[in-house]
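Chains, contacts and geometry: an overview
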Amino acid sequence: GGCGATQSSLMRARMRLSLQERLWEFYQTRVNIPAEEQAMARRAALDICAELRVFLHAKLPDMPLREMYLSGSLYDDLQVVTADHAQLMVPLILEKNLWSSIPGEDTIMNVPGFWLVRRENLEYFPRSSSYWDRCMVGGYLSPKSVLEVFEKLVAGSINWPAIGSVLDYIIRPVVPSETLTLEVQYEMDRKLYVDFLPLLVMEDGTSLIAKPHRLSAERNENLWRQSFRVAETARLRALDQEDGGCRCTCLKVAKAVCKLSPALHRLNSSQLTNTILLLSETEGDWTQEALADRFLQLLRALVGHLEAGRLPCALGPKVNLFCELTEQEVDELGYTLYCALSDPEGLLRT
Ligand code: GDP
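Residues numbered from 1 in each chain as written. Predicted model: local features only at pLDDT ≥ 70, side-chain atom pairs only at ≥ 80, totals over all residues. Heavy atoms only, no water.

Taken together, 13 residues lie near the ligand, and Ser71, Ser73, His85, Ser227 and Ser269 sit nearest. For the ligand, an oxygen atom lies 2.6 Å from a polar atom in the side chain of Ser73. Separating an oxygen atom of the ligand from a side-chain N or O atom of Lys255 is a distance of 2.9 Å. Compared with its free state, where it exposes 560 Å², the ligand has 80% of that area covered by protein. Among the elements that make up the shell around the ligand, the one with the highest residue count is strand 2 (residues 85-91) (three residues). By residue class, the composition of the shell around the ligand is three nonpolar, seven polar and three charged. (Near = heavy atom within 4 Å. Polar contact = N/O pair within 3.5 Å; in protein donor to acceptor, adjacent residues only side chain to side chain. Areas by Shrake-Rupley, 256 points an atom, 1.4 Å probe, with all protein chains shown as cover. Helix = DSSP H or I, 4+ residues; strand = E, 2+ residues; numbered from the N terminus. Nonpolar A, V, L, I, M, F, W, Y, C, P; charged D, E, K, R; others polar.)

Next up, the structure:
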């Protein structure tokens, strides 16, 4: 009947849509998160953060921390598909004269982008002179040990059911998890994951986070991960602001595609952001009309970097942002994206 006719004409109309139109449609219907949903997720994260501050001040008044704060794509308008995760940054205060950072390329592990944090002056300031000496392993500050301190607290001694019932959320620590994560159910059908991310800000401004290296964990156990997130996100945004560009839109579409297709889960926002930043060095046209062209170019650039097994960080070219992928993962990602080049719309049908 009438419905069938409408549907088939709708089908024909859809088939005529260009990639450009489809990308914008995908952006509006799948990628972008309604403002209200984002606000609810932010509120839940803020409530938890406030509770944790109160708890830590009361329970461990002498732990040298700066104020915890929330961060991540949910706060930069770069989260996609669902508002479901945030990071709770926990900045540790280190005594300048007692700790120094050593770049990963100067260590036996030889991994740029990771750092060791060495305890100094032990002869004059013996063990226990610094609060964080309790997390020292073999002369270095161990991110794993720092995480364990918080894990004991957060998973062990906080009465989450009680706090949850006051806030009207269901809160539970996720175990096991690679980092320390809280699951917060803030609506019947809405969950938010809040990652605890201990952070060191070194004297020269370098940010190091306690997020372990994915591979050969034991050998790399003491390594802190340098975070470029703040700077790379700011640069992307600034470039868009200068020319009214579509880089952030392009990033969000790509993030959504990777979030929705299991074969691309291993690609993270930092890799996508940096690929766009590198493209921006040579490509000038980021007008809204060029979204489809830039999206295809992004896919091609990723295939190229995967073929080379190397994606330099735009803010620190020694860092290889693919260094935590196995050879097999690199091959699989490369293959999936290579196939997508001839059918990019397939990526949007997930
Ligand atoms: P998304 O999770 O893909 O939406 O991307 P985000 O831009 O929010 O990045 C979050 C990821 O980056 C998490 O896995 C963090 O562990 C990692 N990360 C690295 N440095 C930082 C940082 O300075 N802040 C936050 N929030 N996350 C960081």
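Next, the rest of the story.
Two elements in contact, helix 7 (residues 229-243) and helix 9 (residues 269-282), have axes separated by 10 Å at closest approach and are oriented at 45 degrees. Comparing the axis directions of helix 7 and helix 9 gives the class oblique. Along this stretch, helix 7 crosses helix 9, giving a crossing that reads as left-handed. From helix 7, Glu232, Arg235, Leu236 and Leu239 reach across to helix 9, where they touch Ser270, Thr273, Asn274, Ile276, Leu277 and Ser280. A breakdown of the residues in the contact of helix 7 with helix 9 according to their chemical character gives four nonpolar, four polar and two charged. (Axes fitted to C-alpha atoms, helices over the stretch in contact; angles between N-to-C directions. Parallel < 35°, antiparallel > 145°, perpendicular 65-115°, else oblique. Left-handed = near helix turned anticlockwise from the far one by under 90°. Contact = heavy atoms within 4.5 Å.)

What follows is about the packing of aromatic side chains. Any pair of aromatic rings gets described here by the distance separating the centres and the angle formed by the planes. As enumerated under the stated definition, the model contains four aromatic pairs in all. Judged by centre distance (6.0 Å) and plane angle (40 degrees), the ring pair of Phe150 and Phe196 falls under tilted. Taken as a pair, Phe150 in helix 5 (residues 143-157) and Phe196 in strand 9 (residues 190-201) lie far apart in primary sequence, 46 residues in all. The burial state of Phe150 is the same as that of Phe196; both residues are buried. Pairwise contacts between aromatic rings join Tyr131, Trp132, Phe150 and Phe196 into one cluster. (Phe/Tyr/Trp six-rings, centres within 6.5 Å; stacked < 30°, edge-to-face > 60°. Buried < 20%, exposed > 50% of the residue type's maximum accessible area, 1.4 Å probe, protein only.)

Structurally, the position occupied by Glu232 is in helix 7. Arg229 provides the closest opposite charge to the buried, unpaired Glu232, separated from it by 6.5 Å. A distance of 2.9 Å separates polar atoms of two side chains, one belonging to Glu232 and the other to Asn274. Not counting chain neighbours up to four residues away, the residues in contact with Glu232 comprise Ser270, Thr273, Asn274, Leu277, Cys313 and Leu315. (Lys, Arg positive; Asp, Glu negative; His and termini not counted. Salt bridge = Lys/Arg side-chain N within 4 Å of Asp/Glu carboxyl O.)

For helix 7, built from 15 residues, the straight-helix expectation of 21 Å at 1.5 Å per residue is met to within 8% by its first-to-last C-alpha distance of 22 Å. The complete set of buried residues in helix 7 reads Glu232, Thr233, Leu236 and Asp240. Buried residues of helix 7 fall within an arc of 100 degrees about the axis and therefore sit on the same side. Seen from the open side of helix 7, the exposed residues pointing more than 90 degrees away from its buried face are Val230, Gln241 and Glu242. Looking at the buried positions of helix 7, the neighbouring elements they touch are helix 4 (73-76), helix 8 (247-260), helix 9 and strand 12 (312-313). Residue Gly244 follows helix 7 closely and has a positive phi angle near 60 degrees. (Expected span 1.5 Å × (residues − 1). Arc of directions from axis to C-beta.)

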